[in-house]
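# An overview of the molecular structure
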Amino acid sequence: PGGCHQPVTEKGIAVSAMNHPAAATSPGAARSDAGFYQLALADPDRVAIIGPDGSALTSGQLGDRVNRISRALRGHGLGSGDVVAAIVHNGPEYLELMRAAGQVGVVVVPVNWHLAVREILYIVADSGARLIVAAADQARELPAGDLPPHRYVIGGTAAGWQPYERPGGVEPGTAPGPRQAGGL
């Protein structure tokens with residue numbers, strides 16, 4: 001009731017997995033109920049993502065990056081209900097952005113990168129996006145004047161765009177309290 005998490009009970013062990021990161025590694029604990037952030041704290045060296053190029057990202061690295069991007073989103077003045085447009089390929093950046101936005105209440109509008117430029121521009125404008133993240137091949141095609149002022153490019157460069165690696169680069173990797181969706 002009221003958003004409280006009920007204890008996970010398995011084999012006679014009752015644990016509140018959301019409140020105790022160690023529960024993620026307790027014998028008999030249901031790992032899927034522990035939440036990503038608790039798992040990242042409990043087992044930071046566990047592989048979380050294997051990218052399309054075969055590179056591995058641990059849950060600790062992913063959690064750190066997600067927290068930094070969340071703080072960067074807030075640093076751009078984005079908060080609960082604000083929109084970020086994402087025109088990205090499959091890769092770690094998409095998951096980072098989705099988790100970062102979710103934990104600070106920002107809505108991500110995924111835009112199919114196969115669409116025509118005019119279709120992408122329409123979706124970005126119609127969504128009210130205040131920040132946009134795009135793969136380099138799409139970013140180079142989009143007229144900067146028709147886009148939000150905060151633009152980040154993945155996997156290359158584009159005139160008028162900042163590198164995606166930059167947001168959160170100076171932010172601490174600690175959780176940006178309070179989380180909007182911290183148990184997911």
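Residues numbered from 1 in each chain as written. Predicted model: local features only at pLDDT ≥ 70, side-chain atom pairs only at ≥ 80, totals over all residues. Heavy atoms only, no water.

## Comments concerning the pairing of strand β7 (residues 131–135)
The buried fraction of β7 is high, at 5 of 5 residues. Of the two faces of β7, the one lined by Leu 131, Val 133 and Ala 135 and the one lined by Ile 132 and Ala 134 are each fully buried. By the bridge criterion, 4 bridges tie strand β5 (residues 83–87) to β7 in an arrangement that is parallel. Bridge pairing links Ile 87 to Ala 134 in β7. In terms of strand pairing, β7 meets strand β8 (residues 150–154) through 5 bridges, oriented parallel. Counterpart to Ile 132 in the pairing with β8 is Arg 151. (Buried < 20%, exposed > 50% of the residue type's maximum accessible area, 1.4 Å probe, protein only. Helix = DSSP H or I, 4+ residues; strand = E, 2+ residues; numbered from the N terminus. Pairing = 2+ DSSP bridges.)

## A word on helix α4 (residues 117–127)
For α4, every residue scored as buried is listed here: Ile 120, Leu 121 and Val 124. Viewed along the axis of α4, the buried residues span an arc of 100°, placing them on a single side of the element. For α4, the exposed residues lying more than 90 degrees away from the buried face are Arg 118, Tyr 122 and Asp 126. Against β5 and β7 lie the buried residues of α4. In the segment just after α4, Gly 128 is the residue with positive phi, at about 75°. (Arc of directions from axis to C-beta. Contact = heavy atoms within 4.5 Å.)

## Examining the pattern of salt bridges
Tallied over the full model, the rule gives 3 salt bridges. With a shortest N-O distance of 3.5 Å, Arg 65 and Glu 96 are connected by a salt bridge. Of this pair, Arg 65 sits in helix α2 (residues 59–75) while Glu 96 sits in helix α3 (residues 92–103), and the two are 31 residues apart along the sequence. Both residues of the pair, Arg 65 and Glu 96, count as buried. Measuring nitrogen to oxygen at the nearest pair gives 3.0 Å for the salt bridge that ties Asp 82 to Arg 130. (Salt bridge = Lys/Arg side-chain N within 4 Å of Asp/Glu carboxyl O.)

## Observations concerning the sheet that holds strand β6 (residues 107–110)
Strand pairing in a sheet takes place through backbone hydrogen bonds and is either antiparallel or parallel in direction. Here we have 5 strands laid out as an open sheet, ordered β6-β5-β7-β8-β9, and parallel in their pairing. This sheet does not close on itself; its edge strands, each paired only once, are β6 and β9 (162–163). Examined bridge by bridge, β8 and β9 share 2 bridges and lie parallel to one another. Bridge pairing in β9 places Val 153 opposite Pro 163. α3 contacts β5, β6, β7 and β8 of the sheet and is inclined by roughly 145° relative to β6. Contacts from α4 reach β5, β6 and β7 within the one sheet, and its direction differs from that of β5 by about 165°. (Axes fitted to C-alpha atoms, helices over the stretch in contact; angles between N-to-C directions.)

## Focus on α3
With 12 residues, α3 extends 17 Å between its outermost C-alpha atoms, agreeing within 8% with the 16 Å of an ideal straight helix rising 1.5 Å per residue. Taken together, the buried positions of α3 are Pro 92, Glu 96, Leu 97, Ala 100, Ala 101 and Gln 103. Taken down its axis, α3 places every buried residue within 165° of arc, on the same side. Within two residues after α3, Gly 105 carries a phi angle of roughly 80°, on the positive side. (Expected span 1.5 Å × (residues − 1).)

## A look at the packing of α2 against α3
In the contact formed by α2 and α3, the axes pass within 8 Å of each other and the chain directions differ by 55°. The angle between α2 and α3 places the two elements in the oblique class. Judged by the sense of rotation from one axis to the other, the crossing of α2 with α3 is right-handed. Mapping the contact onto sequence places Leu 62, Arg 65, Val 66, Asn 67, Ile 69, Ser 70, Leu 73 and Arg 74 in α2 and Leu 95, Glu 96, Leu 97, Arg 99, Ala 100, Ala 101 and Gln 103 in α3. (Parallel < 35°, antiparallel > 145°, perpendicular 65-115°, else oblique. Left-handed = near helix turned anticlockwise from the far one by under 90°.)

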